[in-house]
Amino acid sequence: DTAVSQTPKYLVTQMGNDKSIKCEQNLGHDTMYWYKQDSKKFLKIMFSYNNKELIINETVPNRFSPKSPDKAHLNLHINSLELGDSAVYFCASSLPPLAGGTDTQYFGPGTRLTVL
Amino acid sequence: AQSVTQPDIHITVSEGASLELRCNYSYGATPYLFWYVQSPGQGLQLLLKYFSGDTLVQGIKGFEAEFKRSQSSFNLRKPSVHWSDAAEYFCAVGRPRVFGNEKLTFGTGTRLTIIP
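This text gives an overview of the structure that appears in the document. Small disclaimer: the values here were computed from a predicted structure and weren't measured. (Residues numbered from 1 in each chain as written. Chains lettered and ligands numbered in written order. Predicted model: local features only at pLDDT ≥ 70, side-chain atom pairs only at ≥ 80, totals over all residues. Heavy atoms only, no water.)

Points about the interface of chain A and chain B
Each partner contributes residues to the interface: chain A has 25 residues there, and chain B has 24 residues. Approximately 1900 Å² of surface area, both sides summed, lies buried where chain A meets chain B, with 55% of it carried by carbon and sulfur atoms. For the pair chain A and chain B, the number of links is one salt bridge. One salt bridge connects Glu58 of chain A with Lys103 of chain B, and the closest N-O pair in it is separated by 3.2 Å. Connecting chain A to chain B are five residue pairs in polar contact (both at pLDDT 80 or more). Counting residues per element, the ones that place at least two in the side of chain A that touches chain B are strand 4 (31-37), strand 5 (43-50), strand 6 (53-57) and strand 9 (87-94) of chain A. Residue composition of the side of chain A that touches chain B, by class: 13 nonpolar, eight polar and four charged. (Contact = heavy atoms within 4.5 Å. Buried area = accessible area lost by both parts, 1.4 Å probe. Salt bridge = Lys/Arg side-chain N within 4 Å of Asp/Glu carboxyl O. Polar contact = N/O pair within 3.5 Å; in protein donor to acceptor, adjacent residues only side chain to side chain. Helix = DSSP H or I, 4+ residues; strand = E, 2+ residues; numbered from the N terminus. Nonpolar A, V, L, I, M, F, W, Y, C, P; charged D, E, K, R; others polar.)

Printed below as a string of structure tokens:
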């Protein structure tokens, strides 16, 4: 009955590789997000999707490509991984008041990515 | 642009003592305000939120926060802390819009240590 789930929980890979992180929510929300938490615990928005459409792209390198096959999924694909990509990536979802929600973002457990 | 300041990087409190974590925000209108907690190795859990109405909001785990427009603050309080409250606390501001909050801007977090 997990609300927002992410896989994998941990990801260790070499520089230059391509990897994906998956996110799924079963809350019926129509907006999903990716955030990056750096080594100093600072959290910053990367992307936001509403009904499978990209609405925020916060100057993230184009090596990062989000893909939303449907409202319940938002995956993050990263090409040519770099050392600086090491971080914890959080997925979140929300439902706006216009759609009957409370506009509160609920977060997944995070994926710790380590690039060697 | 919206921003959040959490002036205290690290706070140490004795178990059973009261707690106040500070949060100041910068935003042109009434924002959405949130407090999240992150336990070690865990995801973000919503403690409480303020959208409008009563400026004193109650959350989970005995926490409350007060919105003070004149001070642009949204401080988190708890009358008596428990050892399990040791965690990282994040204040966040969201920008309300017709179709829902598009992103959260987080403060840098306050790490709470509880001593016996």
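Some remarks on the pattern of salt bridges
Oppositely charged side chains are able to pair whenever their charged atoms sit close together. Inspection of the entire model under this criterion finds eight salt bridges over all chains. A salt bridge links Arg63 of chain A to Glu82 of chain A; the nearest nitrogen and oxygen atoms lie 3.4 Å apart. One end of the pair, Arg63 of chain A, is in the loop between strand 6 and strand 7 (64-70); the other, Glu82 of chain A, is in the loop between strand 8 (73-78) and strand 9, and 19 residues separate them in sequence. We classify Arg63 of chain A as buried; its relative accessible area is 14%. Salt bridges here are not isolated pairs; linked through shared partners, they connect Lys44 and Glu58 of chain A together with Lys103 of chain B. (Buried < 20%, exposed > 50% of the residue type's maximum accessible area, 1.4 Å probe, protein only.)

Quick look at the state of the cysteines
Residues and elements named next belong to chain B. Scanning the model with the defined rule gives two disulfides over all chains in all. Disulfide partner of Cys23: Cys91, at an S-S distance of 1.9 Å. Judged by the sign of its S-S torsion, about -65°, the bond between Cys23 and Cys91 is left-handed. With Cys23 in the loop between strand 3 (19-21) and strand 4 (24-26) and Cys91 in strand 10 (residues 87-94), this residue pair connects regions lying 68 residues apart in the sequence. Of the residues examined, Cys23 reaches a relative accessible area of 0% and is grouped as buried. Among the residues examined, Cys91 registers a relative accessible area of 0% and is labelled buried. (Disulfide = S-S within 2.5 Å.)

Topic: the environment of Leu116 of chain A
All names here are of chain A. Relative to the helices and strands, Leu116 resides in the segment after strand 11 (111-115). Overall, Leu116 belongs to the exposed group, its relative accessible area being 51%. Taking the C-alpha atoms as reference points, Leu116 and Leu83, 33 residues apart in sequence, are found 6.5 Å from one another. Those residues within four positions of Leu116 in sequence are excluded, and the remaining contacts are Val12, Thr13, Gln14, Met15 and Leu83.

Re the packing of aromatic side chains
Residue and element names in this part refer to chain B. In the structure shown here, the tally under the stated rule is 16 aromatic pairs over all chains. Measuring from ring centre to ring centre gives 4.5 Å for Tyr50 and Phe67, while their planes differ by 25°; the resulting arrangement is stacked. Note that Tyr50 is positioned in strand 6 (residues 44-50) and Phe67 in strand 8 (residues 64-68), a separation of 17 residues in sequence. Among the residues examined, Tyr50 registers a relative accessible area of 3% and is labelled buried. You can call Phe67 buried: its relative accessible area is 4%. (Phe/Tyr/Trp six-rings, centres within 6.5 Å; stacked < 30°, edge-to-face > 60°.)

Regarding the environment of Thr12 of chain B
All names here are of chain B. Within the element layout of this structure, Thr12 appears in strand 2 (residues 10-14). Residue classification places Thr12 among the partly exposed residues on the basis of a relative accessible area of 45%. Between the C-alpha atoms of Thr12 and Ile114, which are 102 residues apart in sequence, the distance is 5.8 Å. In this structure Thr12 touches Thr113 and Ile115, once residues within four positions along its chain are discounted.

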